[in-house]
Every structure is written in C-alpha cells, then in structure tokens.
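Analysis of the macromolecular model
Letter by letter, the chains look like this.
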Amino acid sequence: MKKIIFYSLFAALMLAASCQKTPVANPKGNGTLYLGSLALSLDETVETKASEAAGNYTVSILDAEGKELSRMTYADVKANDNKITLPAGNYTLVASSSDKDVPESAFESPVYGTSKGFSIVAGQVTEIGELTCTLLQCKVTVSYSEEFLESVTGPGKATVSLKAGYPLEYKLNADGSFDESAGYFAVEGNTLEVVFQGSIDGQNKKMTKAFTGVAAKQWRQIRFIQKKNEQGEATFDVVINDLISDEVLNNVVGADSE
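A brief report on the enclosed structure follows. Just so you know, these numbers come straight off a predicted model, no measurement behind them.

Describing the nonpolar core
If you look at the biggest cluster of nonpolar residues, it comprises 23 residues, and the most contacted ones within it are F148, V160, I222 and F224. Elements with a minimum of two residues in this core: β12 (137-144), β13 (152-161), β14 (168-172), β16 (192-200), β18 (219-228) and β19 (234-244). Here F224 is in contact with V142, S143, Y144, S145, F148, A158, V194, F196, F236, D237 and V238, once residues within four sequence places are set aside. L86, Y112, I120 and A182 belong to the second-largest nonpolar core, a separate cluster that totals 22 residues.

What follows is the structure, encoded as structure tokens:
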C-alpha cells in the first residue's frame, strides 16, 4: 500500500513539473490604436451635406471597467499622427461633439456621439474603422396654427419636460409671435409632457397633454391647433405635427464630405 501511494505521489510531481515547462502565451505588452480613418464630419440638420467637424470634437478611451484613460480633441488626434499606444486589453472609444455631459434640457444645445468597443493586441495595430455619431437627445420645437394665433389675446407659454425638474419654456407673445428655438432633452424617460398656459379669447386657459414613445434621434414638432368641441365652442388641442424618427439627425464620423 505504501508503494502505491509513493508511486502515485511521484507521478503527480512529474506531471506538475512537465506542466510548468509548457510555454504559456503572454498577452502582456503594448499595441497601437490607429485612428487615421476617424475623419470626423458634422451634420447638424436632417438633410445636409457633411462637413468636417471642429477641432474641439472630443475622443475618449475607456478601459474595460468604464474608467476614462484619456481624452483628447480631434485636433490632438490628428497632431499625434492618429495613433494611441495602449496596453493589451479591451477598451471603448467614445466620440462626442461636446466635452461635457449631455444636459438634461437646453435650448439650441444638440450633442452628438457614439461609442465602439475594440481590443488591443500586443505588438499589433488595431484600426477603429468608420463610425457614425447620432443625436443623443430628443429635439423639440413648438408652433401654432394661424387660427390658434388669431384667438390669442395675451401672453402665454408652452412648458415642455421629459424629466421632472428640467422643463423648457417656449414663450408666446400677445402679438402672436412665439419662441421658435429648438429644445434638446436628454432621453431618460419616454413620456413628453406639454403644458400650455395663456390668454385665449380673453380667458386664461391651461391644458396638459403627454406624448409617449420619446427616444433619441427624434424631432418632436409640437403644434397647437384650434378646434371646436361637441357644443360648437372654440377650443384647442396639441398635436405632433411631424414626428421625424426615420430621418437620422446625425454627424458622420469617417465619411467623406460631398
């Protein structure tokens, strides 16, 4: 019995020794991320030709845990020969038209961005390829029908919110002129609440209406219209005049200008 135990122990030791001599691939070391094809271009409207983005467009590199390792401007990327040296591993590249977080709500403040995961292999070059940045927010504009404006007898406002505590107010003046600014909302919910308050036909009116299915890359065109109720009295409603969701409001990354 002792011999059997001895031989078994000897065999185990020999097996362990042979395993230690087996060469193991070493993934450690540096590789190169090549950004030569990352030609950023900017397209702020639905249908326009792309043009090169400004040099302050930001490019960030995040590690596998989401920690930001580096941030540089588009101009810095080009000045650095379009190359970044990184240890072997998995990363994410984030491109953005802003060096700040997406605001909860703001007028005329569109933010475009995208991200893509990639791996760095020691001694090799990784090319990120072509990317397309799209609008990260929901765009909202407000307008009124001619019949509605004819019934306006004093100042008013339309308040739009997608997240509680971050509304935008679109002013309506007594002379029928109104705020035509585009509001941009961070998409953290999917229900847009619209509240109108103002003087209509000499009376103070208030109306609230909600629209669901809100998402990034949409353009919600809110329009106030006049109509009549069952008694034939003048009233009004809020509609989405045109929901542009199939048209991508985008910046193009890596596409040549036309």
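Overview of the packing of aromatic side chains
Within the structure shown, the criterion is met by eight aromatic pairs. A centroid spacing of 5.0 Å and a plane angle of 80 degrees characterise the contact between F107 and Y170, whose relative ring orientation is edge-to-face. Taken together, the residues span a long stretch of sequence, with F107 in strand β8 (residues 105-107) and Y170 in strand β14 at a distance of 63 residues. In this structure Y170 comes out as buried when scored by relative accessible area, which is 0%. Here the aromatic rings of Y144 and F178 are separated by 5.1 Å at their centres, their planes lie at 70 degrees, and the arrangement is edge-to-face. Here Y144, found in strand β12, pairs with F178, found in the loop between β14 and β15 (183-186); they are 34 residues apart in sequence, far enough to count as distant. In this structure Y144 comes out as buried when scored by relative accessible area, which is 4%. Under the relative-accessibility criterion, F178 is labelled partly exposed at 22%. Here a set of aromatic residues connected by ring pairs shows up, and it is made of Y144, F148, F178, F196 and F224. Positioned over the ring face of W219 is K139, at 3.7 Å from the centre of the ring.

Focus: the pairing of strand β6 (residues 83-87)
Going residue by residue along β6, you find I84 and L86 tucked away on one face and K83, T85 and P87 left uncovered on the opposite face. Note: strand β1 (residues 30-34) against β6, five bridges, orientation antiparallel. Residue pairing in the sheet places G31 in a bridge with L86 of β6.

Analysis parameters
- Residues numbered from 1 in each chain as written.
- Predicted model: local features only at pLDDT ≥ 70, side-chain atom pairs only at ≥ 80, totals over all residues.
- Heavy atoms only, no water.
- Core = buried A, V, L, I, M, F, W, Y, C linked by side-chain atoms within 4.5 Å.
- Buried < 20%, exposed > 50% of the residue type's maximum accessible area, 1.4 Å probe, protein only.
- Helix = DSSP H or I, 4+ residues; strand = E, 2+ residues; numbered from the N terminus.
- Contact = heavy atoms within 4.5 Å.
- Phe/Tyr/Trp six-rings, centres within 6.5 Å; stacked < 30°, edge-to-face > 60°.
- Lys NZ or Arg CZ within 6 Å of the ring centre and 35° of its normal.
- Pairing = 2+ DSSP bridges.

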